[in-house]
Amino acid sequence: MVLKYQFPEDFWWGSATSATQIEGTKDNDGKGKSIWDHWYEAEPNRFYQGVGPGVTSNFQDTYREDIKMIREIGHNTFRLSLSWSRLIPEGTGEVNRKAVDFYNDVIDELLANDIEPFINLFHFDMPMALQEIGGWENRETVDAYAEYAKTAFELFGDKVSKWFTFNEPIVPVEGGYLYDFHYPNKVDAKAAVQVAYHTTVASARAIEIFHQMDVNHGKIGIILNLTPSYPRSQNPADLKASEAADLFFNRSFLDPSVLGVYPDGLKEIVELHGIAPVTEAGDEALIRDNTVDILGVNYYQPRRVKAKEHVPNPDGPFLPDWYFDNYVMPGRKMNEYRGWEIYEKGIYDILINLKENYGNIESFISENGMGVQNESRFLKNGEIQDDYRIEFVKEHLKWVHKAHAEGANVLGYHMWTTMDNWSWSNAYKNRYGFISVDIETQERTIKKSGRWIRDVSRENGFDE
């Protein structure tokens, strides 16, 4: 029987996690401090209910049972990140052998359960030792990252053939250097541009090393949170605002990563405001010649914008918002817990844009998910009845199916996230997982959505 929404036999079904959000820390594990450990120590009040990254989902101790559960919900692929500060505690220098053993065990356990590991090298978690010299503002961090990537390829490349340089690299730029929701809590557009630029150079360096080493005949990519910028209207002023938002938040990483060049419009803006990055000879060729093999697409919500209603304060710090205002569209569908609009067609628009303007690069949905507060109220007979999550995933998958049917080169779907985890400054405010985690007891329970995705993956599709 052919299902209405049938996907290819080799479609990737899975979910994504990050090291800082699930691993936890314990005495004598050898891990160095990341910026999250430091920030929590310095300002625990900035974290929801004062909960920091120390315990999280305790994956360090529970990975074997977790991976069996991941297999039970039908995953054939799974994305995790390495913690740079766990593997190389000071960011440079000595490798932590306990981390090597841990990650090898995790990879072996995944492979033993017929789950292909996708490994991401950086998910917001700069080693504090490197942040102390400026983090991504400092070119030395690019060199340290290249060495870290090379070390990871050498250690795990014989078992892993799908690698990613960064997850959502725009987020540390926004959070750490523009809008004050990540450490180091700067509001400095020139620093933000330099951080973004060095991140792109670092990604290109890792790609160059990967291909020189011919790691497991594998592929290397980047994971970008692509947020379509929809104008309020077709008025030229609104269109111009949406184009500017697209330059800042999408094309700033998408174009150099996939096409090997920065968009002219973005270069003009940073020159105009005197915030262009410091570059080095050879950077342009490095970026041009080391584009990604594959693109991960994280999609949660659209960005709706309109022309500015007021002239920005000339004495205030430059922000991307000088070029647009956010627009609240009447009648929009909302995830009220997260404050995000739910617009399923956005995932289709992204994939068609990649098809038409980015060489139809191989891609997959690397994150898409719905965070809900107080999920325990949906507990019935020992299972979270998260029909809202099933509906969310199903409606997005319908648009992924449509894009695939129209020729988009989309290879899989990963939800955020596998199990309920610590979510940065939001801690455990919202739950996202296919698997419920009781933080007090660390007990895991598959949610209704986990059973649903198991059936979808087994059948490679679903009906209404």
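Please read all numbers here as calculations on a predicted model, not as lab measurements.

**What about the nonpolar core?**
Then, in step 1: By size, the foremost hydrophobic cluster in this structure holds 136 residues, and its most contacted members are W84, W136, Y145, W163 and L295.
Then, in step 2: In terms of residues, this core owes the most to one element, helix α9 (residues 189-213), which gives 14 residues.
Then, in step 3: Apart from the residues within four sequence positions on either side, W136 is in contact with W84, F122, M126, T141, V142, Y145, F166, Q194, V195, H198, T199 and A202.

**A few points about the sheet that holds strand β5 (residues 162-167)**
Then, in step 1: Spatially, β2-β3-β4-β5-β6-β8-β13-β16 is the arrangement adopted by the eight strands of the closed barrel, whose pairing is parallel. Adjacent strand axes in the sheet meet at a mean angle of 25°, parallel and antiparallel pairs treated alike.
Then, in step 2: Across five bridges, strand β3 (residues 77-81) lies against strand β4 (residues 116-120) in parallel orientation. Bridge pairing in β4 links F78 to P117.
Then, in step 3: Against the sheet, helix α7 (residues 139-156) touches β5 and β6 (219-225), its axis set at about 155° to β5.

**Some points on empty space enclosed by the protein**
Then, in step 1: Applying the stated rule across the entire model yields six cavities of 30 Å³ or more.
Then, in step 2: For the largest cavity, the calculated volume is near 100 Å³.
Then, in step 3: Surrounding the largest cavity, 13 residues form its lining, I35, Q131, W136, P172 and Y183 being those nearest its centre.
Then, in step 4: At the level of elements, α2 (35-42) and α8 (170-177) are the ones that each hand at least two residues to the lining of the largest cavity.
Then, in step 5: Looking at the lining of the largest cavity, its residues break down into eleven nonpolar, two polar and no charged.

**Some words on the UniProt feature "active site" (unreviewed entry) in the protein**
Then, in step 1: As annotated in UniProt, the feature "active site" (unreviewed entry) corresponds to E367 in the numbering used here.
Then, in step 2: Within the element layout of this structure, E367 appears in strand β13 (residues 363-367).
Then, in step 3: Given a relative accessible area of 3%, E367 falls into the buried group.
Then, in step 4: Those residues in contact with E367 that sit more than four places away from it in its chain are A16, R79, H123, N167, E168, V297, N298, Y299, Y300, H414 and W416.
Then, in step 5: Within polar-contact distance, the side chain of E367 engages the side chain of R79 at 2.8 Å.

**What to know about the layout of surface pockets**
Then, in step 1: Computed from the structure, the largest pocket encloses a volume of approximately 1,100 Å³.
Then, in step 2: Mapped by element, the contributors of at least two residues to the lining of the largest pocket are α8, β9 (303-306) and β12 (340-341).
Then, in step 3: Split by residue class, the lining of the largest pocket holds 18 nonpolar, 13 polar and nine charged.
Then, in step 4: If you add up the space inside the second largest pocket, you get close to 700 Å³.
Then, in step 5: In terms of lining residues, the second largest pocket is bounded by 30 residues, among which Y197, Y262, L266, K267 and P277 are the most central.
Then, in step 6: When residues of the lining of the second largest pocket are traced back to their parent elements, those giving at least two are α8, α9, α10 (236-259), α11 (264-272) and α12 (283-289).
Then, in step 7: Here the lining of the second largest pocket is built from residues that sort into 20 nonpolar, four polar and six charged.

Conventions we followed
Chains are numbered independently. Their residues run from 1 in the order of the written sequence. Since the coordinates come from a predicted model, pLDDT governs what is reported: local features require at least 70, and pairs of side-chain atoms require 80 or more to be given and counted, while whole-chain, interface and lining totals use all residues. In computing side-chain values, all of the structure's heavy atoms are included and hydrogens and water are not. Throughout, nonpolar core names a set of buried Ala, Val, Leu, Ile, Met, Phe, Trp, Tyr and Cys residues whose side chains join them through atoms within 4.5 Å. Working definition: with a 1.4 Å probe on protein chains only, accessible area under 20% of the residue-type maximum means buried, over 50% means exposed, and in between means partly exposed. Note on conventions: DSSP H or I runs of at least 4 residues are helices, E runs of at least 2 residues are strands, and numbering of each starts at the N terminus. Residues count as neighbours in contact if any of their non-hydrogen atoms are within 4.5 Å of one another. Strands are labelled as partners when DSSP assigns at least two bridges between them. To obtain an axis, a line is fitted to C-alpha atoms, over the contacting stretch when the element is a helix, and the angle between two such axes runs from 0 to 180 degrees between their N-to-C directions. The pocket and cavity definitions rest on a 1 Å grid over protein atoms only: a 1.4 Å probe that fits but cannot leave marks a cavity, an open set with protein on both sides within 12 Å along at least five of seven lines marks a pocket, and residues lining either have an atom within 4 Å of a point. Grid points are joined across faces, edges and corners, and a volume is the space filled by probe spheres set on the points. Each residue gets one of three labels, nonpolar for Ala, Val, Leu, Ile, Met, Phe, Trp, Tyr, Cys and Pro, charged for Asp, Glu, Lys and Arg, and polar for the others, Gly among them. UniProt positions are given in the numbering used here, feature names are shortened, and annotations may be inferred rather than shown by experiment. Nitrogen and oxygen atoms within 3.5 Å of one another constitute a polar contact, given that in protein one can donate a hydrogen and the other can accept it, and given that sequence-neighbouring residues count only through two side-chain atoms.

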